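Residue-level structure breakdown
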Amino acid sequence: MRSGFRLGVLLALTLCTENRIVVAVDRDAEAHFETHVRPLLAAQCVLCHGPEKQESGLRVDSLEALLKGGDRGPAVVPGKVDESPLIEMVRRSGEVKMPPAAPLPASQVAALEDWVRRGAVWPETPGKGRVLGEAWRAHWAFQPISSPIPPTESTGHPIDAFIAHQHRQPQLSFAPVADHRTRLRRLSYTLRGLPPTADEVDAFAADTTPDAWERWIDRHLASPQYGERWGRYWLDVARYADTKGYVFFEDRSYPWAYTYRDYVIDAFNRDLPYNRFVQEQLAGDLLDPIDDREPRAAMGFLTVGSHFMGNVHDITDDRIDVAMRGIMGLTVACARCHDHKFDPISQADYYGLYGVLRSTEEPLVSPALGAPPLHEEHEFFEQTLAQKRAHLDAFIRSKHTAVVKGARTRIAEYLLAAHAADDAPPTDDFMLIADPDDLNPAMIVRYEAYLERWKTQPHPVWNVWWKFASLPANEFAARAKTLCDELAAQTNDVHPVIRAQLCSAPPTTLAEVAQRFHDALKSVEDEWQQFPQREAAGATLPDPQRESLRQELYGPAAPANLPMIFGWGFLSLLPDRASQGEFQRRLKDVEQWLMTGPTAPARAMALQESTPFSPRLFLRGNPSRPGDDVPRAFLKAFADGKSFEHGSGRREWAMAMTKKRNPLTARVIVNRVWQAHFGVGLVRTPSDFGLRSDPPTHPELLDYLATELIRHDWSLKWLQRLILTSQTYQQSSVADHSQQVDPDNRWLARFPRRRLDLEAWRDSLLSITDAWDDRLGGPSVSIWGNHWVPRRSVYAYVDRQDLPNLFSVFDFPAPAATSAQRDTTTIAPQALFQLNGPLLLNATERVWSHYSVQQATTRDNRIEAIVRMLFSRSVTFEEQTLFAAFLGENPDSARWIRLIHGLMLTNEFCFVD
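Since the model is a prediction, treat every value here as computed from it, not as a measurement.

Let us now look at the overall build of the protein chain. Secondary structure assignment for the protein chain yields 39 helices and six strands. A compact globule built from 913 residues should have a C-alpha radius of gyration of about 29 Å, and the protein chain, at 32 Å, falls within 12% of that. A principal-axis box enclosing the C-alpha atoms of the protein chain has dimensions of 110 × 75 × 60 Å. Within the protein chain, the proportion of its 913 residues that are buried is 56%. Excluding contacts between residues fewer than 6 apart, the proportion of contacts in the protein chain whose partners are at least 24 apart in sequence is 69%. For the protein chain, the accessible area works out to roughly 39600 Å², and carbon and sulfur atoms hold 53% of it.

Moving on: the confidence of the model for the protein chain. Residues of the protein chain with pLDDT of at least 70 account for 91%, and the chain-wide mean is 86. Across residues 1–25 the pLDDT falls below 50, and counting only partners more than four positions away or on other chains, this stretch makes 42 contacts in the model. Note on residues 125–132: pLDDT is under 50 here. Beyond four places in sequence and across chains, it has ten contacts.

This paragraph deals with the packing of aromatic side chains. A complete count under the given rule lists 42 aromatic pairs for this structure. Consider the rings of W136 and F142, whose centres lie 5.6 Å apart with planes at 75 degrees: the pair is edge-to-face. The buried category is assigned to W136, whose relative accessible area is 10%. Taken together, W234, Y260, Y263, F268, Y274, F277, F301 and W714 form an aromatic cluster joined through their ring pairs. Over the aromatic face of F886 sits the side chain of R895, whose NZ or CZ is 5.0 Å from the ring centroid.

Further remarks concern the packing of helix α26 (residues 665–678) against helix α28 (residues 716–724). Working note: a packed helix pair is described by the angle between its axes plus the distance between those axes. Here α26 crosses α28 at 45 degrees, and the two axes come no closer than 11 Å. Judged by the inter-axis angle, α26 sits oblique to α28. Remark: the crossing between α26 and α28 carries right-handed chirality. Each of I669, V670, V673, W674, H677 and F678 in α26 lies in contact with α28, whose residues at this interface are L716, L719, Q720, I723 and L724. Among the residues making up the contact of α26 with α28, the classes are represented as nine nonpolar, two polar and no charged.

Turning to the pattern of salt bridges, a few remarks are in order. Overall, the coordinates contain 54 salt bridges when judged by the stated rule. A salt bridge links D266 to R270; the shortest N-O distance between them is 2.7 Å. Since its relative accessible area comes to 26%, R270 is described here as partly exposed. For D589, the salt bridge goes to K388, with nearest N and O atoms at 2.9 Å. Remark: K388 occurs in helix α16 (residues 376–409) and D589 occurs in helix α24 (residues 577–596); sequence separation between them is 201 residues.

Before going further, it helps to examine the environment of I217. Relative to the helices and strands, I217 is located in helix α9 (residues 212–221). Considering only alpha carbons, one finds I217 and L724, 507 residues apart in sequence, at a separation of 7.5 Å. Apart from residues no more than four positions distant in its own chain, I217 is found in contact with L187, L191, R721, L724 and T725.

Calculation criteria
- Residues numbered from 1 in each chain as written.
- Predicted model: local features only at pLDDT ≥ 70, side-chain atom pairs only at ≥ 80, totals over all residues.
- Heavy atoms only, no water.
- Helix = DSSP H or I, 4+ residues; strand = E, 2+ residues; numbered from the N terminus.
- Rg over C-alpha atoms; globule rule 2.2 N^0.38 Å.
- Buried < 20%, exposed > 50% of the residue type's maximum accessible area, 1.4 Å probe, protein only.
- Contact = heavy atoms within 4.5 Å.
- Areas by Shrake-Rupley, 256 points an atom, 1.4 Å probe, with all protein chains shown as cover.
- pLDDT = per-residue confidence, 0-100.
- Phe/Tyr/Trp six-rings, centres within 6.5 Å; stacked < 30°, edge-to-face > 60°.
- Lys NZ or Arg CZ within 6 Å of the ring centre and 35° of its normal.
- Axes fitted to C-alpha atoms, helices over the stretch in contact; angles between N-to-C directions.
- Parallel < 35°, antiparallel > 145°, perpendicular 65-115°, else oblique.
- Left-handed = near helix turned anticlockwise from the far one by under 90°.
- Nonpolar A, V, L, I, M, F, W, Y, C, P; charged D, E, K, R; others polar.
- Salt bridge = Lys/Arg side-chain N within 4 Å of Asp/Glu carboxyl O.

Listed below in structure tokens is the structure:
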């Protein structure tokens with residue numbers, strides 16, 4: 001018994017050796033600050049605690065100011081959430097409650113808590129002499145991709161030539177080529193995410209033909225498991241999940257998220273050119289199919305993100321972030337509230353892309369994939385769906401009509417409400433609740449934004465409103481008379497109908513001014529409404545001046561001219577509980593039928609074109625503070641200056657992302673592929689190639705691979721074949737003097753030894769027991785629990801809000817945002833799960849009951865069968881002796897299972913050499 005205990009402890013302890021803890025770099029905390037904290041402080045706090053006003057002596061527009069604090073002392077204690085008064089205030093758990101008008105949403109409080117917990121990171125603003133003006137043009141990532149020639153000191157392989165060239169200065173050289181088993185095991189995990197069988201290792205070792213390695217590479221690239229392995233890498237980038245996060249009205253699940261996941265797997269298996277892969281994910285609905293394959297499922301790349309309780313601005317921001325960081329390695333989302341602090345990305349660039357995505361919508365009924373079945377049951381499904389959708393559409397149209405009518409008939413009330421909102425602290429509260437007869441909060445915001453536009457620009461109607469709205473209340477009557485006298489003398493700059501309404505008798509209150517604007521606009525509206533009856537009597541159309549006034553109600557930019565919205569943006573039209581409940585009931589009726597109705601087809605999580613949106617800057621990122629108009633366009637630093645001209649501009653955006661002269665897209669994907677093979681990329685900040693990125697360790701190699709990728713029609717399989725045939729990839733991982741010279745292995749004088757990620761480790765358990773389902777694709781399934789689920793881990797159901805603890809314990813990235821790379825940690829819960837968790841215990845029993853083990857007639861033969869199953873090799877003499885001593889002469893099944901369990905905890909099983 002004691003010898004068994006010693007063996008178990010020894011094997012368990014080896015699991016924790018030769019692994020390293022990687023501490024997350026500060027860039028993640030900086031990105032969190034720029035995306036969530038800086039906009040929040042600017043929108044909610046700076047008005048009262050900024051450069052112009054410091055209530056209680058507190059400023060919040062710099063870290064120094066927060067650390068200094070105000071009358072109550074420091075506002076923030078970095079790293080200590082519960083000791084930071086700022087957090088106490090926004091939690092509203094103490095005497096002082098901030099903001100005073102209404103509590104922050106829970107998500108914003110959590111963002112502040114997370115910021116303080118991470119150390120209150122506040123990136124410095126670049127000062128004089130830093131990267132400003134045109135200096136960014138010298139940055140390596142923004143240079144055109146060069147076509148370097150491999151150095152001459154070469155073994156014949158271009159990758160090895162570049163790597164060997166970098167070996168010269170630190171006096172390094174390649175490690176010897178790894179043995180057959182190590183190389184094949186490495187290859188199998190690299191391309192399939194599965195271990196090779198012992199028979200495969202034997203066959204490879206016996207293959208002495210000159211091109212044996214190349215043929216085994218091609219065999220693995222052609223395996224259907226290749227797409228499953230490499231598709232999972234991309235799903236990390238795409239922040240894939242099967243749920244929407246927190247939502248109010250919708251079903252929280254993405255019932256067809258798996259169609260995007262299956263698209264990605266299929267795209268890798270058929271080696272879809274990477275430029276086409278990108279284009280389909282951004283504009284699959286606007287591209288012609290290739291080989292009759294449906295590209296619309298690709299758009300899950302944009303749509304599988306969080307729904308942020310229906311906040312259209314956060315949804316759009318998330319989509320900009322995943323596209324630009326995932327594909328081009330640029331943190332464009334940092335320009336939501338201000339020009340990027342370091343990279344050549346302006347707020348105008350951000351809102352140019354914002355306008356592209358706001359010109360699209362998610363259809364309430366996603367398009368079906370594949371040809372519909374031709375039988376009566378499916379005809380019944382379609383007819384019932386049409387009825388349920390018509391029921392929902394009728395409700396949406398009725399609410400839209402009511403909101404628009406109210407905006408055109410309650411003009412005075414909206415003007416006063418917008419004026420009151422203008423005096424209040426900035427807010428972006430999109431979930432306001434109102435009574436059925438109240439003004440619509442979303443329409444108030446539209447009026448406020450429209451009026452704000454003409455606060456400093458000439459306008460014959462609304463400049464007059466601002467003149468009266470700016471009068472002090474205690475002097476209103478006296479100063480209004482003087483203002484009316486001035487307006488009476490202005491014959492060109494003031495609309496005559498407005499001048500006549502206002503100057504017939506000086507108003508005494510702003511409410512009276514609002515009513516006169518209402519009367520002027522309403523009189524024109526009434527005249528138009530009566531025209532059909534008067535036309536028969538010979539009446540003529542209203543004069544052009546009165547028609548121009550009517551455009552303030554019906555013109556394209558008029559607040560009341562609200563576009564019809566059938567997607568998640570419809571939320572803004574439902575401020576009252578009764579309407580919300582009715583909408584939820586009708587929407588759920590449609591969603592449930594789509595998911596559970598007979599013959600219900602799989603559907604693509606696609607977008608569709610909607611009314612083109614004319615974007616404007618949001619001052620400090622606040623939608624209620626619109627600034628200048630901007631065109632829908634690509635980033636100016638990488639474009640020819642032209643605005644997008646066709647529809648939303650999504651197709652033009654997709655093409656701009658994949659132009660050959662774009663210096664980033666090819667570099668970023670080459671770096672991601674290299675990272676998947678070697679653990680770290682040539683650039684160690686894989687989703688940030690901006691001015692704060694790490695420079696490439698081998699810049700010429702990076703450009704060579706990017707150039708050749710484009711030249712070989714963006715084929716990722718070609719790129720991987722090139723990497724896999726290099727000596728750099730095939731060398732041994734055994735550390736020699738290079739460990740002392742280059743402990744981080746930046747110069748790749750040995751292959752980096754790596755622990756299996758969560759999916760490869762779990763899939764290995766399925767594979768070695770022959771107890772797995774090798775079907776490709778299909779709906780996601782829950783794979784964790786006490787029962788054995790034979791599906792590969794790529795098909796796991798991922799709940800964005802309730803990610804199983806086991807996922808995070810084994811470094812699975814949270815799908816809250818695009819993930820550049822996985823951390824590698826060694827923590828106690830990992831070993832505890834492997835020692836006691838049901839998955840490994842179940843797997844050991846399946847290995848024990850496997851036919852190859854049970855049919856062995858002797859103890860030594862059984863040991864040999866177990867070692868071949870687990871490690872794809874024969875048992876060594878030393879192992880045979882050790883295991884025999886542990887088992888004894890007549891071991892029972894419990895002792896065999898303990899041996900198998902211990903072997904599964906070893907580095908040899910959990911690591912790749």
